[in-house]
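Fold and geometry: a report
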Amino acid sequence: MPTPAAAVLRWCEYNILLPVTICFILGISAGRSHFLPEQVLIIALVLLIGAALLLHHRQPRAALFLSLPIFFLVGQINLLHHLAKPHTAGQLAALLTEERRVTLVGTLASMIEESEQDGEIISRFELETEEVLLDKTWQAVRGRVRLAMPGQADDLRPGLSLMLLAKVGPSESFNTPGAFDYQGHLAAKGIYLSGWIDGRADVLLLDRQRQPNLRWLPEQVRQKAGRFLRQHLSPELAGVYQALLIGSQAAVSPQLLEQFRDAGTLHILSVSGLHMGLLGLMNGLLLNWLLRRSEWLLLHTHVPTLALLGTLPLLLVYGFIAGLNTPVLRAMLMATAVLAALILRRRHDMLHLLAAAALLVLACNPLPLFTASFQLSFSATAALILFLPQIMPPTAESDEPPKLLLKIARSLLAALLVSVVATLGTLPFQLFYFHRLPLLGPVLNLIVEPLLCLWALPWGLLAIPCLFLYPPVAALLLKIGSLGIWVGLRCNALASLIPWASVWMISPNAAEIIFYGMLLLLWSLKYRQTALIGAVLLVLHFTWGLWFPPQPGKSTVAFLDIGQGSSVFLHLPDGSRILADAGNIGRQNIGEQVIAPYLWSQRIWRLDQVLISHPHRDHFSGMDFILRHFRPKILWINGDPHREENYQQILDQAAGQGVQVLIPENGRRLAHGTNFALTVLGMTGLLGHSGEVNDAALVLRYQHGKRAFLLPGDIGKQSEDILLQQGIELKADILLAAHHGSRTSTGEDFLTAVQPHLIVVSAGRSARQKYFPAAANQILWQEKRIPVHITREQGTMTCTTTGITLECRPFRQIAAYSFR
């Protein structure tokens, strides 16, 4: 009997595609670290290929297994090649390394997506650039730019030549752990720049005679379909139908998106292998049933093959309407492979077909590997392939045909099992990217998926050709299909009202995700008891911090990159978790978009205290979400009677949740231990009747052993002088620049008293970004040779101290500031 190792080697020998694909994926993942230069990798690859060729005849098995490191290196080189693409000669991204106003000439390369923000219509589209006017010189360039402008653009359509004036720069994300990587999301689509057009008057149509180009036809059909939907259906139904039919979620309101997230049905709004698979399966089964009515076809042809061939054109048409972009092409490839295996009864080959599809997709572009859509799609499909045959109840053999009710029951059970298996297969990625566990998801998917994918989607596909032939029929078909959407939305709305329908969670770490995958593999190999024991241990490890918060013994102070605003997280040696401020000037809720994902990525389940230094939007706008989901015991405020925007609602929300809303007196220690303390230095009661809101901000100083941090809020030089006159200890290693580095703050006397080793400026990009930090302050800091970290440029700064040593590390940077 062969040993387990020999059995594994023999299995790999006859199933080489799976380990090759895994090695290729591992190589792409390793390429992100830039551990070795591309030249070294290429030399190693050439040597390995030479060795494989030499061993091919003498030791074919050894040569076969050399393909594993070969594909590992190919994965790394492929990723490095794609990462270097925006910096190559001729790329517009290589010329625009910072935001600037430029004139571009190019072709409108996508449909115009319209969405509403604060009552204003915003149009977004992609431009495939050809020329750029830089420094009064026209230069030939290439590369796509994602552009936005206010208002509608009904006269623009894909394929038109445009000249436009826009403010364009590198695409940006919040450089904060846990936050959505918008920059990476666009890079996976080959887009490295984004920009803003002030209005339709800055866009000029060029009168260029061009031959008709079928390349732009899919986007033209998508745009026509989107506008037709908006004209004939309510905004709510039209937005969801757009997502289903043409793959654009731009018109889906944030409220509806939140309902889909709560219900665990958000994936239905993204064109994926699910849509392709359900549509193809329905069409394949229908064709199979119809073709079997013909005795001649049964005798002279292979009916399942004909059914498959009849299904492929429908998938191609759907992919065409959905835009034929990378996610759609990936979904088509996966669905076609799986359907081929099912209809041709080659189920044992499905995992190999899936591996081949992944290898093909990533060979063309490795960047989608790091996107949620890729990981969710392939993990769901792999789970269905591995587990569904094992748990699907066998069909009882009988001469009598099954009764109708029995057929319905079996179909419902099968659909429920598919939903449960897909949910379990994608669970760690759902928690990692969306931070919530949809407890009702499997049941709701059983209801909502058929309504949207098997009812609304086919009617919508039938309506597309009617748009061009007879629009009234298209409108009728869409209204019939929208009935399924209406019912599905009502189901989602009801589910979102149920308490605990969706539970917010911390992010699993890499080790937990890998361990979860190993448990699924053990279960598929029928080591059920071992897998169940491992699952219990995994749940205990994952939730341990909720029941027993860790006491790290060291301090962590993180200055978050949240744009033009401020938020500082403090994790103290005794385990206390405190958040000072949570706001920015942007339209989105920064608490939901960035701060909460950061806390979950740091495995923070609850906060002990939160603080709003003063009632300005850029310091409190995201606090409502933080209060709701992290349930602190205390909210500290400065007691200023000024009320800006929803500040009073946040105070009322805190009181309604049972959170103590307190005003600290000067000298109050908010947290303390044997060698650490977080102290309020001001400005409660120190200003008299000054009307300046910024100057009344709470000033905090945190000291751990010999190390100290000063957080002065938005105080100006008037308050700084008062603190100096009070003789308060201000010295600190790390200074958060007051008022984001404004010229009205951080006077020279104040700076001399603090004597910082590092200044952190919490500032983002906005219309006033040139004032933060002020040029005069930067000159002063440079003269005093104080290093400066600006969050919009270097991202979140995380400082860790034992009370003696102090290390500050910027996000996504290897170099760190060390103070000893």
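Before any of the text, the structure's been laid out above.
Presented here is a report on the structure given in the accompanying data block. (Residues numbered from 1 in each chain as written. Predicted model: local features only at pLDDT ≥ 70, side-chain atom pairs only at ≥ 80, totals over all residues. Heavy atoms only, no water.)

With respect to empty space enclosed by the protein
So the rule is basically this: The way it works is a 1 Å grid over only the protein atoms, where trapped points that fit a 1.4 Å probe form a cavity and open points with protein on both sides within 12 Å along at least five of seven lines form a pocket, and then any residue with an atom within 4 Å of a point lines it. Grid points are joined across faces, edges and corners, and a volume is the space filled by probe spheres set on the points. Only DSSP runs of H or I covering at least 4 residues are called helices, and only runs of E covering at least 2 are called strands; the numbering of each starts at the N terminus. Charged means Asp, Glu, Lys or Arg here, nonpolar means Ala, Val, Leu, Ile, Met, Phe, Trp, Tyr, Cys or Pro, and polar covers whatever is left, Gly included.
Scanning all chains against the criterion turns up three cavities of 30 Å³ or more. Looking at the largest cavity, its volume works out to about 80 Å³. As for the largest cavity, its lining consists of S566, V568, A580, D581, L611, S613, L698, L700, L711, G713 and L736. Breaking the lining of the largest cavity down by element, the ones donating at least two residues are β12 (565–571) and β13 (577–584). Here the residues of the lining of the largest cavity are counted per class, giving seven nonpolar, three polar and one charged. In this structure, the second largest cavity encloses a volume near 50 Å³. Together, S566, H619, G713, D714, L736, A737, H739, H740 and S762 line the second largest cavity. Grouping the amino acids of the lining of the second largest cavity by side-chain chemistry returns two nonpolar, six polar and one charged.

Concerning a nonpolar patch on the surface
How we decide: By definition, no residue in a patch forms a salt bridge, and every one has over 30% relative accessible area; like charges are joined within 9 Å, nonpolar side chains (Val, Leu, Ile, Met, Phe, Trp, Tyr) within 5 Å. Here the accessible surface of atoms and residues is derived via Shrake-Rupley with a 1.4 Å probe, and residues count as covered only by protein chains that are part of the display. Each reported salt bridge corresponds to a side-chain nitrogen of Lys or Arg within 4 Å of a carboxyl oxygen of Asp or Glu. Each residue gets one of three labels from its accessible area relative to the maximum for its type: buried under 20%, exposed over 50%, partly exposed in between, using a 1.4 Å probe on protein chains only.
On the surface, F468, L469, Y470 and V473 cluster together into a nonpolar patch covering about 450 Å² of accessible area. Assignment of secondary structure puts V473 in helix α19 (residues 471–496). Relative accessible area serves as the criterion here: at 34%, V473 is assigned to the partly exposed category.

Points about the sheet that holds strand β18 (residues 676–682)
Defined as follows: What makes two strands pair is DSSP finding at least two bridges between them. Orientation is described by axes fitted as lines to C-alpha atoms, over the contacting stretch for helices, and by angles from 0 to 180 degrees between their N-to-C directions.
One open sheet holds the seven strands; their spatial order is β17-β18-β19-β20-β21-β22-β23, and the pairing between them is mixed. Of all the strands in the sheet, the pair left with one neighbour each is β17 (669–672) and β23 (788–790). This sheet shows a mean twist of 15° between the axes of neighbouring strands, independent of strand direction. With five bridges joining them, strand β19 (residues 699–704) and strand β20 (residues 707–711) adopt antiparallel strand pairing. The partner of Y702 across the bridge, within β20, is F709.

Concerning the pairing of β20
Put simply, the test is: Looking down the strands as they point away from you, a crossover is right-handed if its path from the first strand over the helix to the second goes clockwise.
With five of five residues buried, β20 is to be regarded as a mostly interior element. Side chains of β20 alternate between two faces, with R707, F709 and L711 and A708 and L710 buried alike. Between β19 and the antiparallel strand that follows it, β20, lie two residues; G705 among them carries a positive phi value of about 60°. When β20 meets strand β21 (residues 734–736), the two strands line up parallel, connected through two bridges. Following the sheet pairing, L710 is matched in β21 by L735. Remark: the β20/helix α26 (residues 717–726)/β21 crossover connection has right-handed handedness.

Let's talk about the pattern of salt bridges
For the structure on display, the rule yields 23 salt bridges. The partner of E512 in a salt bridge is R603, with the nearest N and O atoms 2.7 Å apart. Here E512, found in helix α20 (residues 510–524), pairs with R603, found in the loop between α22 (590–601) and β14 (609–611); they are 91 residues apart in sequence, far enough to count as distant. A residue is classified by how much of its surface remains accessible, and E512, at 5% relative accessible area, is buried. For R577, the salt bridge identified is with D608, shortest N-O distance 3.3 Å. With R577 in strand β13 and D608 in the loop between α22 and β14, the pair connects residues that are 31 residues apart, well separated along the chain. As far as burial versus exposure is concerned, R577 and D608 are alike and both buried. Linked through salt bridges whose partners overlap, the residues forming this network are E113, E126, E128, R144, R146 and R215.

What about the sheet that holds strand β25 (residues 806–810)?
Condition: Here, residues are in contact when the closest pair of their heavy atoms is within 4.5 Å.
Pairing within the open sheet is mixed, and its nine strands lie in the order β16-β15-β14-β13-β12-β11-β24-β25-β26. Each edge of the sheet is formed by a strand with only one pairing partner; in this case those strands are β16 (660–662) and β26 (817–819). Direction aside, neighbouring strands of the sheet carry axes that sit 15° apart on average. Sheet topology note: the β14/strand β15 (residues 634–636) ladder contains three bridges and is parallel. Of the residues in β15, the one forming a bridge with Q609 is I634. Strands in contact with α22 are β11 (555–559), β12 and β13; relative to β13, the strand with the most contacts, it is inclined by about 155°.

These figures come from the coordinates and say nothing about function on their own.
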